[in-house]
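In case you want the letters, here they are:
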Amino acid sequence: MTAGGRPGAATEDEKGGLRTALAGLTTRGRSFLAAGIAAAVCAYVLGQSDLLRVGLLLAVLPLVCALVLFRTRYRVAGSRRLSPARVPAGSEARVHLRMDNVSRLPTGLLMLQDRVPYVLGPRPRFVLDRVEAGGRREVSYRVRSDLRGRYPLGPLQLRLTDPFGMCELTRSFSTYDTLTVIPRVEALPPVRLTGEAKGYGDGRNRSLALAGEDDVIPRGYRHGDDLRRVHWRSTARYGELMVRREEQPQRARCTVLLDTRGVGFRGAGPDSAFEWAVSGTASALVHMLERGFSVRLLTDTGTSVPGEGSDGFAGASQESADAAGLMMDTLAVIDHSDSTGLSRAYDVLRGGNEGLLVAFLGDLDEEQATVVAKMRQRSGSAVAFVLDSESWARGPGGEPSGAGDARVRMLREAGWTALVVQPGAGFGDLWRQADHARASAGPAPATGTTTGGWA
């Protein structure tokens, strides 16, 4: 039998001969073989020819079944399809398996088994009846994980048995697929963001192509352009009709900072403070992309995702769905870092105006709170969600420890809209509270040209 992830692709060496066939004997087959040998020995000792015939029959039957099964040349192709291939934690995905008999002979009874990690559930097994020549069988099963990550599925295994149940042979397919379990994404309520001009993003600004009206770069005439915008000097120079460029929309920027320091979070598991921060980061990223912002993900190690250009932002030429998928894949496997500070993230932010800065922070000492406070100088507006790790370690319903209150006050004095996150808090409610806190605090001090931020 030939098996493969693609038609005709075999992965197991079939040169083991009789040894490989005998290794596939079932308990029944081994019992028949042992009984036959014992009967043959007794017949020889006792001189009973009839018993010898019975012993030979018992011993030969499993050997013949193993040989016939081993020499069977079925050509079976298998494929796997995930629906969907990227699923939020706690949600189910369905795995569709398809088996095609590409040989001219019908198969016998087949048992199909797929290898899955234990966190996704029990290993699925299916019994397939006789598959006719050129026929196919389709089965499916569901997987679910409360833990984000990337999980390999496969390879598929086929187990072929003889009609008497004397022998079983297993063949493995060569390919496997990967299921990506991303963080939970919570729908966030809309809030007012800076800029009321039309263009890309809710925090929008419009800018001319270059510095001024007299310093323009013309472009070729397009059907429907206003003839009053024809640039006659360039038309005469290039020999074709040229028009002045219109104002160019500039996408508002948003940076989402995720603190992954191991010293900043306590506990583990789907209900831990770190998992809440990862889920909140994913929700903020998706929300800002849906609002038309140019977004990037930044960690305490200075890693920026996605890095389309030198600024690290997902620019206008990148589809929002692709950018979201790239960042979700990154968050699916992100883990605690060995870093003890946020200085490398500050160095990245120091490179230019960040627009809106949304930060998810763990425990902060005075030194790290000072670093975070200075980040406010490079953003149009800044919102911080500080997780009280000590309260999270106690679980939902525990009294707030108050350990991070002084750090939150320091951030607020620096111009941040900062909130302490208690166990069990909903991110949608905190998002709305941040907007109300910003509104009650009044306009933030000017820090330069704003390319996006909280109103």
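As the structure is a prediction and not an experimental result, all values here were calculated from the model.

## Topic: the confidence of the model for the protein chain
Residues of the protein chain with pLDDT of at least 70 account for 79%, and the chain-wide mean is 80. At the low end of the mean pLDDT range in the protein chain sits strand 12 (residues 205-207), at 37; at the high end sits strand 11 (residues 177-182), at 96. The model gives residues 194-215 a pLDDT under 50, and that stretch makes 50 contacts with residues more than four places away or in other chains. For residues 444-453, every residue scores under 50 in pLDDT, and the model assigns this stretch 31 contacts once sequence neighbours within four places are set aside.

## Topic: the sheet that holds strand 11
Within the open sheet, the 3 strands sit side by side as 3-11-8. Their pairing is mixed. Edge positions in the sheet fall to strand 3 (86-88) and strand 8 (149-153), since each of these pairs with one other strand and no more. Neighbour-to-neighbour, the strand axes of this sheet turn through a mean angle of 25°, independent of strand direction. Here strand 3 pairs with strand 11 via 3 bridges, running parallel. Pairing of Arg86 across the sheet is with Thr180, part of strand 11.

## Points about the sheet that holds strand 5 (residues 110-114)
The strand order 6-5-9-10 describes an open sheet built from 4 strands, whose pairing is antiparallel. Edge strands, defined here as strands with exactly one partner in the open sheet, are strand 6 (125-128) and strand 10 (168-172). Each strand of the sheet is rotated relative to its neighbour by a mean of 20°, with strand direction disregarded. Pairing between strand 5 and strand 6: 4 bridges, direction antiparallel. Paired with Leu112 across the strands is Phe126, a residue of strand 6.

## Some details on the packing of helix 8 (residues 366-375) against helix 10 (residues 405-413)
Running from N to C, helix 8 and helix 10 cross one another at 25°; their axes reach a closest spacing of 9 Å. Judged by the angle between their axes, helix 8 and helix 10 are roughly parallel. In this structure, helix 8 crosses over helix 10, and the sense of that crossing is right-handed. The segment helix 8 lies against helix 10, with Glu366, Ala369, Thr370, Val372 and Ala373 engaging Arg407, Met410 and Leu411. When grouped by side-chain class, the residues that make up the contact of helix 8 with helix 10 number 5 nonpolar, 1 polar and 2 charged.

## Regarding the layout of surface pockets
Of the volumes computed, that of the largest pocket is approximately 680 Å³. If you trace the largest pocket, you find 32 residues lining it, with Gly269, Pro270, Asp271, Glu275 and Trp276 closest to the centre. Looking at the lining of the largest pocket, the elements with two or more residues in it are helix 5 (273-290) and helix 6 (320-333). Among the elements that take part in the lining of the largest pocket, helix 5 stands out by supplying 6 residues, more than any other. Both domains that furnish three or more residues to the lining of the largest pocket are identified here as domain 2 (76-182) and domain 3 (253-440).

Basis of the calculations
Residues numbered from 1 in each chain as written. Predicted model: local features only at pLDDT ≥ 70, side-chain atom pairs only at ≥ 80, totals over all residues. Heavy atoms only, no water. pLDDT = per-residue confidence, 0-100. Helix = DSSP H or I, 4+ residues; strand = E, 2+ residues; numbered from the N terminus. Contact = heavy atoms within 4.5 Å. Pairing = 2+ DSSP bridges. Axes fitted to C-alpha atoms, helices over the stretch in contact; angles between N-to-C directions. Parallel < 35°, antiparallel > 145°, perpendicular 65-115°, else oblique. Left-handed = near helix turned anticlockwise from the far one by under 90°. Nonpolar A, V, L, I, M, F, W, Y, C, P; charged D, E, K, R; others polar. 1 Å grid on protein atoms, 1.4 Å probe; cavity = no way out; pocket = protein on both sides within 12 Å on 5 of 7 lines; lining within 4 Å. Points joined across faces, edges and corners; volume = space filled by probe spheres on them. Domains from an automatic or database assignment.

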